[in-house]
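Structural characterization, general
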There are 2 protein chains.
Amino acid sequence: MWSSKDIYYISDSTGILVESLGQALTCQFPEISFNEETIPFIQTVNDAQKALERIMAQSVGLRPVIFSTIMDPEVRKVLDRPEVEFFDGFAFLLDRLEVCLEAKALRTPGFTHHLNNDKMDKRVEAIHYCLDHDDGTNPKEYDEADLIILGVSRAGKTPVSVYLATQMGIKSANFPLTSEYLGLYSLPEHIINNRKRAIGLTSAPEVLHQMREKRYAGSTYAKLSTCRDEVQQAQQIFLNYNIPYISSSGKSIEEIATQICQEMGISRNK
Amino acid sequence: MWSSKDIYYISDSTGILVESLGQALTCQFPEISFNEETIPFIQTVNDAQKALERIMAQSVGLRPVIFSTIMDPEVRKVLDRPEVEFFDGFAFLLDRLEVCLEAKALRTPGFTHHLNNDKMDKRVEAIHYCLDHDDGTNPKEYDEADLIILGVSRAGKTPVSVYLATQMGIKSANFPLTSEYLGLYSLPEHIINNRKRAIGLTSAPEVLHQMREKRYAGSTYAKLSTCRDEVQQAQQIFLNYNIPYISSSGKSIEEIATQICQEMGISRNK
């Protein structure tokens, strides 16, 4: 077994996909330490030659791994050399897909060029909406939201809202359940009127306590007992108003966002 | 050739990777219209059986395509049926990677579970920093920024800042070049002091004009001549202060973010 390995993610576009693909695979080998580098925008034979020179200079004699999602066979050929372990992320899948669809693939670089403008405009609009409606701002405009995330401070509302907007073009507002609502087990009118689009985010009190301690160590706000009370009160509010809720503890931003879409029946492929 | 095809992205985790992988491939067949659905969190044989039932009910007789990144062979086997076109996004790559690394893969579900907490904390912190330093807010705290994005209104600063923070954990501030700076070809002190971490975002005047018309149709702000002047003045400022700049026109958020990292020598694998 190799104890460490140099690995390069090479793409004719941004490299975001090939990097995710490679990392999904390398994380299956936790005992090996990987030295990763992403090389994006390799679109010509000349680009590929330069990339190969750099790789060989850095990883000479180490049989580096190259993961590639380059579409052009001529460009790809430059990198598929006996001195490296070359992995084509697409080849096998694309060939089979051509057979199954009874059609020829374009084999042109750059997935992102195929993103249509409407989809991009929708994401930009969602990001601006999300920032303008973060942390309880402009609640009168909640009619326009696709989603309203409710939760106590530091339950993860903002990161999840931002992710939903950035990646999926979902106009997501978020609203903090502060003491004025928690103590009365109530919600403001703008949320009650839009509660069909509201979802609660909760958290284990211990996790919340740790998060808050990082911000305001030793404060009443950060105390475990405060966190316990707030989480209990927030959950009671969700139950009272029949608002579904999920826990953010131990989950990544991606996992929480995906669960929210599932719970609310929001398709991210539209 | 099929004119349309039902395609399902199935994952034991969020499904974000398998969806990106599938879409990178399907976009190579622009003449075929794909009906896409993502089914995340398929972790048990029972989950897979339910997913298959749903797929067969929706796509009976249509030979739907299933793209999968499910790690567990038992779970995967349920979906790999003669009635569907089953594509395993990992199999071939993972088998070869085991040979090349001389090690056995874990084959446990959920890439995101392998994300370490430090990386997640860094992203959450970057998102909060980004929101607190959007559109010129809190410039006195620019010392803490990894990156400061400068540009005229609607050049794309906010979406790109948010993307850099959310996906890459980069603390990115953004600052609007408004008339008070453009007219004098100058920058405020907080940016001059941090100009090594500043990058300019520019745009074709025609594109800017269209973007602004959507917001404030018929205004002086949106006029093509205003856009031309502002873009020219902004570029002159970047040149005067030796700040690199790139154009956002015709590019996706991902492409702009990737180019910024390249230009500024920021590694996204750290």
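Bear in mind that the values here come from a model prediction, so they are computed numbers and not experimental data.

It is worth spelling out the overall build of chain A at this point. Across its full length, chain A carries 11 helices and 8 strands. Its C-alpha atoms give chain A a radius of gyration of 24 Å, more than 25% over the compact-globule value 18 Å for 270 residues. Burial status across chain A gives 54% buried among its 270 residues. Long-range contacts, defined as pairs at least 24 residues apart, comprise 69% of the intrachain contacts of chain A with a sequence gap of at least 6.

Let us look at the sheet that holds strand β8 (residues 245–247) of chain A. Backbone-to-backbone hydrogen bonds join strands into a sheet, with any given pair of strands oriented parallel or antiparallel. Residues and elements named next belong to chain A. Taken in spatial order, the 4 strands line up as β6-β5-β7-β8 in an open sheet, and their pairing is parallel. Pairing within the sheet leaves two strands with one partner each, and these edge strands are β6 (172–176) and β8. Averaged over all neighbouring strand pairs, the angle between strand axes comes to 25°, with direction disregarded. Examined bridge by bridge, strand β7 (residues 198–202) and β8 share 3 bridges and lie parallel to one another. Note that in β8 the partner of threonine 202 across the bridge is serine 247. Across the face of the sheet, helix α6 (residues 157–168) comes into contact with β5 (147–151), β6 and β7 while running at roughly 175° to β6. Along the sheet, helix α11 (residues 253–264) makes contact with β5, β7 and β8, crossing β7 at roughly 140°.

Next up on the list: the domain arrangement of chain A. Each assigned domain of chain A is listed with its residue range as follows: domain 1 (4–113) and domain 2 (117–264). A separation of 38 Å is found between the C-alpha centroids of domain 1 of chain A and domain 2 of chain A.

In this section: the interface of chain A and chain B. Between chain A and chain B, the contact holds 78 residues from the first and 78 residues from the second. Here chain A meets chain B over a buried area of about 7,600 Å², counting both sides, of which 67% is carbon and sulfur. For the pair chain A and chain B, the number of links is 6 salt bridges. A salt bridge links A:Lys214 to B:Asp121; the nearest nitrogen and oxygen atoms lie 3.1 Å apart. Secondary structure elements with two or more residues in the side of chain A that touches chain B: α1 (16–26), β2 (33–39), β3 (65–68), β4 (85–88), α4 (91–101), α5 (117–132), α6 and α11 of chain A. Of the residues assigned to the side of chain A that touches chain B, the class counts are 39 nonpolar, 20 polar and 19 charged.

We now examine the packing of aromatic side chains. A full pass over the atoms with the stated rule returns 11 aromatic pairs over all chains. Relative to B:Phe87, the ring of B:Phe67 has its centre 5.0 Å away and its plane inclined at 20°; by these criteria the two rings are stacked. Pair noted here: B:Phe67 is in strand β3 (residues 65–68) and B:Phe87 is in strand β4 (residues 85–88), with a separation of 20 residues, a long-range link. Through successive ring pairs, a cluster of aromatic residues spans A:Tyr9, A:Phe67 and A:Phe87. When the ring centre of A:Tyr221 is taken as reference, the NZ or CZ atom of A:Arg212 above it lies at 4.4 Å.

Glancing now at the sheet that holds β4(A). Strand order in the open sheet formed by 4 strands is β2-β1-β3-β4 (chain A), with parallel pairing between adjacent strands. Two strands in the sheet have a free side with no partner beyond their single neighbour: β2 and β4 of chain A. Sheet twist, expressed as the mean angle between neighbouring strand axes with direction ignored, is 20°. The sheet contact formed by strand β1 (residues 4–10) of chain A and β3(A) spans 4 bridges and is parallel. Looking at the pairing, A:Ile7 lines up with A:Val65 of β3(A). Packed onto the sheet, helix α2 (residues 45–58) of chain A meets β1, β2 and β3 of chain A and runs at close to 155° relative to β2(A). Each of β1, β2, β3 and β4 of chain A touches helix α4 (residues 91–101) of chain B; the most contacted strand, β4(A), lies at about 170° to it.

Another aspect to go through is the side chain of B:Thr226. Residues and elements named next belong to chain B. As for its placement among the helices and strands, threonine 226 is situated in helix α10 (residues 224–240). Side-chain polar atoms of threonine 226 contact the backbone oxygen of threonine 220, separated by 2.6 Å. Excluding its chain neighbours within four sequence positions, the residues that come into contact with threonine 226 are Arg212, Thr220 and Tyr221.

Once that is clear, we can look at the pattern of salt bridges. Enumeration over the complete set of coordinates arrives at 26 salt bridges over all chains. Salt-bridge contacts for B:Glu254 lead to A:Arg123; the nearest nitrogen and oxygen are separated by 2.8 Å. Placement of B:Glu254 in helix α11 (residues 253–264) and of A:Arg123 in helix α5 is noted, with the two residues assigned to different chains. A:Arg123 shares its class with B:Glu254; the two are buried. We note a salt bridge from B:Arg76 to B:Asp88, for which the minimum N-O separation is 3.2 Å. Here B:Arg76 is found in helix α3 (residues 73–79), whereas its partner B:Asp88 is found in strand β4, with 12 residues between them in sequence. This pair shows no difference in class: B:Arg76 is buried, exactly as B:Asp88 is.

The rules behind the values
Residues numbered from 1 in each chain as written. Chains lettered and ligands numbered in written order. Predicted model: local features only at pLDDT ≥ 70, side-chain atom pairs only at ≥ 80, totals over all residues. Heavy atoms only, no water. Helix = DSSP H or I, 4+ residues; strand = E, 2+ residues; numbered from the N terminus. Rg over C-alpha atoms; globule rule 2.2 N^0.38 Å. Buried < 20%, exposed > 50% of the residue type's maximum accessible area, 1.4 Å probe, protein only. Contact = heavy atoms within 4.5 Å. Pairing = 2+ DSSP bridges. Axes fitted to C-alpha atoms, helices over the stretch in contact; angles between N-to-C directions. Domains from an automatic or database assignment. Buried area = accessible area lost by both parts, 1.4 Å probe. Salt bridge = Lys/Arg side-chain N within 4 Å of Asp/Glu carboxyl O. Nonpolar A, V, L, I, M, F, W, Y, C, P; charged D, E, K, R; others polar. Phe/Tyr/Trp six-rings, centres within 6.5 Å; stacked < 30°, edge-to-face > 60°. Lys NZ or Arg CZ within 6 Å of the ring centre and 35° of its normal. Polar contact = N/O pair within 3.5 Å; in protein donor to acceptor, adjacent residues only side chain to side chain.

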